[in-house]
Amino acid sequence: MSLVLDPAAQDLLFREARTANTFTDEPVTDEQVQAIYDLVKYGPTAFNQTPLRITLVRSPEARERLVAHMAEGNQAKTKAAPLVAILSADNEFHEELPALLPHFPQAKDMFFAERPVREQSAPLNAALQAAYFIVGVRAAGLAAGPMTGMDFAGLQKEFLDDDHTPLMVVNIGKPGEDAWFPRSPRLAFDEVITTV
């Protein structure tokens, strides 16, 4: 086998991992979320920028506000998940670059002084971080249910501000009964990979 990662870990993170649609009522702790973040924060991004922001929706009142902005097909599972996270991109991420890129602190002003440039870079790099986050949730033995079926403008107004662009909502927890839809097909190697 060409992969170094143990086959059981490969299954946990990829082959057997699925988007969960139901969850048990076992809570997801702050300690688990911190362990996930402390693992996935090392994933690469451009200029080591860290635009991902994670809003944990824990209170029943906040959950109801969130559910109101979800597409109808996502409402029940969002209401029932043990933990829900709103993942967004901070368009003012450049303020942290001098600390995150100490060997090149001038990158903040040289590349990211203009807001339109940041608004293009932040969602792409936050989406990379969101993917790492989902894999980290799986590494914690939990299931993730990422969703983009929602009223983005309403969710932003309700939970974020003009400096944060919502990317997705992720339900997190132990998979419940009948949690999985049938596995959808994937493209084969030769349909995706081109050598030039």
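Not measured: the values here are computed from a predicted model.

Caption draft 1: Here's a closer look at helix α3 (residues 60–67). Of the residues making up α3, those classed as buried are Ala62, Arg63, Leu66 and Val67. Along the long axis of α3, the arc covered by the buried residues comes to 135 degrees, so they all point the same way. Those residues of α3 hidden inside the fold are in contact with β1 (52–57), α4 (72–80), β2 (83–90), α8 (152–159) and β4 (164–173).

Caption draft 2: Up close: the side chain of Asn74. Among the secondary structure elements, Asn74 is positioned in helix α4. Ignoring anything within four residues of it in the chain, the contact list for Asn74 reads Met147 and Gly149.

Caption draft 3: Region of the structure containing α8. All of the buried residues along α8 are Gly154, Leu155 and Phe159. With its buried residues spanning 105 degrees around the axis, α8 presents them on a single face. Exposed residues pointing more than 90 degrees away from the buried face of α8 are listed as Ala153 and Lys157. For α8, the elements touching its buried residues are α3, β2 and β4. Its side-chain oxygen placed 3.3 Å from the backbone nitrogen of Ala153, Asp151 serves as the N-cap of α8.

Caption draft 4: Summary view of the environment of Leu66. Looking at where Leu66 falls in the secondary structure, it is placed in helix α3. In this structure Leu66 comes out as buried when scored by relative accessible area, which is 0%. Residues Leu66 and Leu155, spaced 89 residues apart in sequence, show a C-alpha to C-alpha distance of 7.0 Å. Once residues within four sequence positions are removed from consideration, Leu66 is found in contact with Val57, Thr78, Val84, Ile86, Leu155, Phe159 and Val169.

Caption draft 5: Quick peek at the sheet that holds β2. If you trace the four strands from one edge of the open sheet to the other, you get β1-β2-β4-β3, paired in antiparallel fashion. The two strands at the open ends of the sheet, each matched to only one other strand, are β1 and β3 (143–147). Shown here is a sheet whose adjacent strand axes are inclined to one another by a mean of 30 degrees, direction ignored. This element, α3, spans β1, β2 and β4 of the sheet and lies at about 65 degrees to β2. Across the sheet, α4 is in contact with β2, β3 and β4; its angle to β3 comes to roughly 145 degrees.

Rules of the game
- Residues numbered from 1 in each chain as written.
- Predicted model: local features only at pLDDT ≥ 70, side-chain atom pairs only at ≥ 80, totals over all residues.
- Heavy atoms only, no water.
- Buried < 20%, exposed > 50% of the residue type's maximum accessible area, 1.4 Å probe, protein only.
- Helix = DSSP H or I, 4+ residues; strand = E, 2+ residues; numbered from the N terminus.
- Arc of directions from axis to C-beta.
- Contact = heavy atoms within 4.5 Å.
- Polar contact = N/O pair within 3.5 Å; in protein donor to acceptor, adjacent residues only side chain to side chain.
- Pairing = 2+ DSSP bridges.
- Axes fitted to C-alpha atoms, helices over the stretch in contact; angles between N-to-C directions.

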